[in-house]
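Per-entry structural report
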Amino acid sequence: MNQTLLVELQTEELPPKALVKLGAAFATGIANGLKARDFLEADSTITTHATPRRLAVSITNVRGTSPDKSIREKVLPVSVALDKEGNPSAPLGKKLAALGFPDLTVDQLERAQDGKAESFFYTYTAAGSALAGAVQDVLAETVAKLPIPKVMSYQRPSGDTVQFVRPVHLLIALHGEQVLPISLLGLAAGRTTMGHRFLSHGGPIAIDHADNYARVLEAEGKVLSSAEARKESIRAQLLDKAGADQVLMPESLLDEVAALVEWPVVYECRFEEEFLAVPQECLILTMQTNQKYFALTDAEGKLRSRFLIVSNIATDDPTAIVGGNERVVRPRLSDAKFFFEQDKKKTLESRLPQLASVVYHNKLGTQAERSERVTKLATYIATRLGFDAALAERGARLSKADLLTDMVGEFPELQGIMGTYYARHDGEHDDVARAASEHYQPRFAGDLLPATNTGLAVALADKLETLVGIWAIGLQPTGEKDPFALRRHALGIMRMLVEKRLPLSIADMLADAMTTFADEPARFESLRDPRTEVTAFMLDRLRGMLRERGFSPNEVEAVLAQDPDRVDDVVQRLEAVQAFAALPEAASLAAANKRITNILKKNEEAMPKDAAVDPALLQDQAEKDLAAAVARVQPDVDAAFAAGDFAGTLKTLAQLRDQVDAFFNDVMVMADDVKLRNNRLALLASLHGMMNRVADISKLAA
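All of these numbers come straight from a predicted model, not from anything done at the bench. (Residues numbered from 1 in each chain as written. Predicted model: local features only at pLDDT ≥ 70, side-chain atom pairs only at ≥ 80, totals over all residues. Heavy atoms only, no water.)

Topic: the pattern of salt bridges
How we decide: We define a salt bridge as a side-chain nitrogen of Lys or Arg found within 4 Å of a carboxyl oxygen belonging to Asp or Glu. Comment: elements are numbered from the N terminus, with helices defined as DSSP H or I runs of at least four residues and strands as E runs of at least two. Only protein chains enter the accessibility calculation, which uses a 1.4 Å probe; a residue whose area is less than 20% of its type maximum is buried, one above 50% is exposed, and one in between is partly exposed.
Taken as a whole, this structure holds 52 salt bridges when the rule is applied. Across the pair Arg373 and Glu465 runs a salt bridge whose closest N-O atoms are separated by 2.8 Å. Linking Arg373 in helix H11 (residues 367-385) with Glu465 in helix H16 (residues 453-472), this pair joins segments that are 92 residues apart in sequence. No difference in accessibility class separates Arg373 from Glu465, as the two residues are buried. Glu393 is paired through a salt bridge with Arg397; the nearest N and O atoms lie 2.6 Å apart. One end of the pair, Glu393, and the other, Arg397, are both in helix H12 (residues 389-398), 4 residues apart, so they sit about a helical turn from each other. The class of Glu393 is partly exposed, set by a relative accessible area of 25%. In this structure, a network of salt bridges that share partners links the residues Lys231, Glu232, Arg235, Glu251 and Asp255.

Some details on helix H6 (residues 227-242)
Our working rule: An expected span of 1.5 Å times one less than the residue number is assigned to each helix. It is the directions from the helix axis to the C-beta atoms that the arc portrays. Here a polar contact is recorded for every N or O atom pair within 3.5 Å, except that within protein the pair must consist of a potential hydrogen donor and a potential acceptor, and residues adjacent in sequence are included only if both atoms are side-chain atoms.
If you check H6, its first and last C-alpha atoms are 22 Å apart, about what 16 residues at 1.5 Å a residue would give, namely 22 Å. Taken together, the buried positions of H6 are Arg230, Lys231, Ile234, Arg235, Leu238 and Ala242. Here the buried residues of H6 occupy an arc of 140° about the axis, which is enough to place them on one side. N-capping of H6 is provided by Ser226, with a side-chain oxygen placed 3.3 Å from the backbone N of Glu228. Count one or two residues on from H6 and you reach Gly243, which has phi positive near 65°.

Description of the packing of helix H14 (residues 417-425) against helix H15 (residues 430-438)
Test applied: Axis lines are fitted through C-alpha atoms, for helices just across the contact stretch, and the angle between N-to-C directions can take any value from 0 to 180 degrees. When describing relative orientation, an angle under 35 degrees is termed roughly parallel and one over 145 degrees roughly antiparallel, while 65 to 115 degrees is termed roughly perpendicular and anything else oblique. For a crossing to be left-handed, the near helix must be turned anticlockwise from the far one by less than a right angle; the clockwise case is right-handed. The criterion used for residue contact is that any of the two residues' heavy atoms lie within 4.5 Å.
Between H14 and H15, the least distance of the axes is 6 Å, while the angle of their chain directions is 160°. One way to sum up the angle between H14 and H15 is to call them roughly antiparallel. Like other packed secondary-structure pairs, H14 and H15 cross with a definite hand, here right-handed. Two secondary-structure elements touch here, H14 through Ile417, Gly419, Thr420, Ala423 and Arg424 and H15 through Asp430, Ala433, Arg434, Ala436 and Ser437.

A few points about the UniProt feature "domain: DALR anticodon binding" (unreviewed entry) in the protein
To keep things clear, this is the line we draw: UniProt positions are given in the numbering used here, feature names are shortened, and annotations may be inferred rather than shown by experiment.
UniProt records the feature "domain: DALR anticodon binding" (unreviewed entry) at residues 595-700, using the numbering of this structure. Structurally, residues 595-700 is divided into 62% helix and 0% strand, and its ends, taken at the C-alpha atoms, are 12 Å apart.

Examining the domain arrangement of the protein
Defined as follows: Either an automatic procedure or a domain database provided the assignment from which the domain bounds are taken. Using a 1.4 Å probe, buried area is obtained as the accessible area two parts lose upon being combined, added over both of them. Asp, Glu, Lys and Arg are counted as charged, while Ala, Val, Leu, Ile, Met, Phe, Trp, Tyr, Cys and Pro are counted as nonpolar; the rest, among them Gly, fall into the polar class.
Taken as a whole, the protein is organised into domain 1 (2-65 + 130-220), domain 2 (69-126), domain 3 (228-344), domain 4 (348-549) and domain 5 (569-700). Computed from C-alpha coordinates alone, the two centres of domain 3 and domain 4 are separated by 34 Å. Contacts between domain 3 and domain 4 engage 14 residues on the former and 13 residues on the latter. When domain 3 packs against domain 4, close to 1300 Å² is buried across both sides, 70% of that on carbon and sulfur atoms. Of all residues in domain 3, the largest losses of buried area upon contact with domain 4 belong to Leu285, Phe339 and Asp343, amounting jointly to 44% of the total for that side. Summed over the shared surface of domain 3 and domain 4, the result is 1 salt bridge. One salt bridge in this structure joins Asp343 and Arg351, with 3.7 Å as the shortest N-O distance. Counting across the interface, domain 3 meets domain 4 through 5 residue pairs in polar contact (both at pLDDT 80 or more). Residues that form the side of domain 3 that touches domain 4 fall into these classes: 6 nonpolar, 4 polar and 4 charged.

Here we look at the sheet that holds strand E2 (residues 46-51)
Rules: Here, strands pair whenever DSSP counts at least two bridges between them.
In space, the 5 strands of this open sheet follow the order E2-E3-E1-E9-E10, with antiparallel pairing throughout. Looking at the sheet topology across the chains shown, the edges are occupied by E2 and strand E10 (178-179). Sheet topology note: the strand E1 (residues 3-11)/strand E3 (residues 54-62) ladder contains 7 bridges and is antiparallel. What sits directly across from Leu6, in E3, is Ser58.

A few points about the packing of H11 against H12
The interhelical angle for the contact between H11 and H12, taken along N-to-C directions, is 160°, at an axis separation of 8 Å. As judged from the angle between their axes, H11 and H12 are roughly antiparallel. The handedness of the crossing between H11 and H12 comes out as right-handed. Every residue of H12 that contacts H11 at Ser371, Glu372, Val374, Thr375, Ala378, Thr379, Ala382 and Thr383 is listed here: Ala389, Ala392, Glu393, Ala396 and Arg397. Residues of the contact of H11 with H12, tallied by class, amount to 6 nonpolar, 4 polar and 3 charged.

Encoded structure:
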């Protein structure tokens, strides 16, 4: 009979950061194991239960016995099963006995082709197995494969030593209302669990039926068994307590706090207003990282002196809980205030010599040497873009100085952010101060780009230096491994070039980056030139970025197949390609362009360089018409392209469809007469160049 299956391990407190992953692996392992053994129905649903003190899974519509199966077993090849006289051989008798069918005769076996030879087969019905045995095996397999951060060894009362992430006290295995006779980690399965340490009545809680697990645990045990339910309860309570203020609740913090409590209750706490003189990023980070608290800001984003905590205790009088948490957070905020005040006693510039004692990479030198390279490169980039090179030079030179401050030493996540605060305190130009934080942007997918020209120049320089330097020493990404985040750096560069419409040559930027290493001859000699590979790598990141924005692979390839050196207008070209592809003439012209590309490629060596069309050699009417049409639209194409009207450029080309189609229908390009052939190739080359100025439209051909 089909019933809901419940399996639970009731434990000591599990590692909060690993709880969600452990819970998912536990549920998935058991479900997959039972599915492979044919105990689940097509509509069986799996529910994960994970709290600080339990891992559990409930699965609906689980069979008590797996179905009988028809099994076709290969016995032996005929050549082995029969002797020379065609009688059963000794190996056949041994094989049948091993399979459990010692009394079978040859005439009861199926003789069938097996590849190039014949073999004997036997088909029989295997009886289904009981659920208890399957759960026993699946549970043991699942527990052995759990992604446990660190295994703990402990002794059972019997004296046996067992291993798990935390000591396990109770095991539940229920099929409906029936306890399955299984065991694990020295425990025999039953139907009882434990509720909340303080809010439940304190004794074991009996689960009468697997379907009632979550309801009974919540009602009697004061435990929300679903991690997602606890998370959403916390979110709702935080928003309610925040009132008109904004609550800062990163998903990662919500996940971690939900893994720390079984019955979440949110309370409001406060700290002294004097701490608000400290940069709010410091206070927010220490509250989130060290205390798992939720900071509040006003509508303008300014930090409030009240914050929210998530407790595992529900009480009508939370005075002790609130007071205790306020006492705990105060020393942390005092530390942040102390670090901030101490750091301001030294300017960022005065810290620069200390960068010489910080190793960046043993093959690429110290942070001081790297800072010098980034400074030179930022100056080159700013000059090419017409930005203030002096500000870029200053911003780059100070960009890493905050790595040496006490605050960043305590909270590395604040690097750049603190640099901006300290630079402003030192009286630096605001663009220089902002570059300290902006040069790390974009830090992740969807992050903001630098807002200032100085920040842009330094951000490009910082990422280019990393790409070229790390690649030059042979540490480019391999497979999924990318310890230096080169994919993120390359994508960040592409985003800045495209979204900020920066008219920079990729080749020039990489050449400038290599020049900064060339200024260090001893180191430069040991580096290989990675520019070709880095260019391809950057364009590949751009391909992915453009596809994520909704452009089709064919459209993206049409624009990037020519390996553009500048990408500031790549989106405009793609939009033009999209508009062109919607025209009725597009398919025919794309196919013709693909044909022209192949013809020109095959005759690349034989065709004279820079061959021009000789009107006197035009014989067939179709080639005369095409030459005239090309000459007619050429000025309009040139004008539209020069004006950056890529859509207009391609739309103008659509006028040529009839002449192009007629040319390929009526004209033999590869004529026997060499002069005639070369003249027709020159005409196609002229057309090809005009058709592919915006993009390689042959990539649109099906």
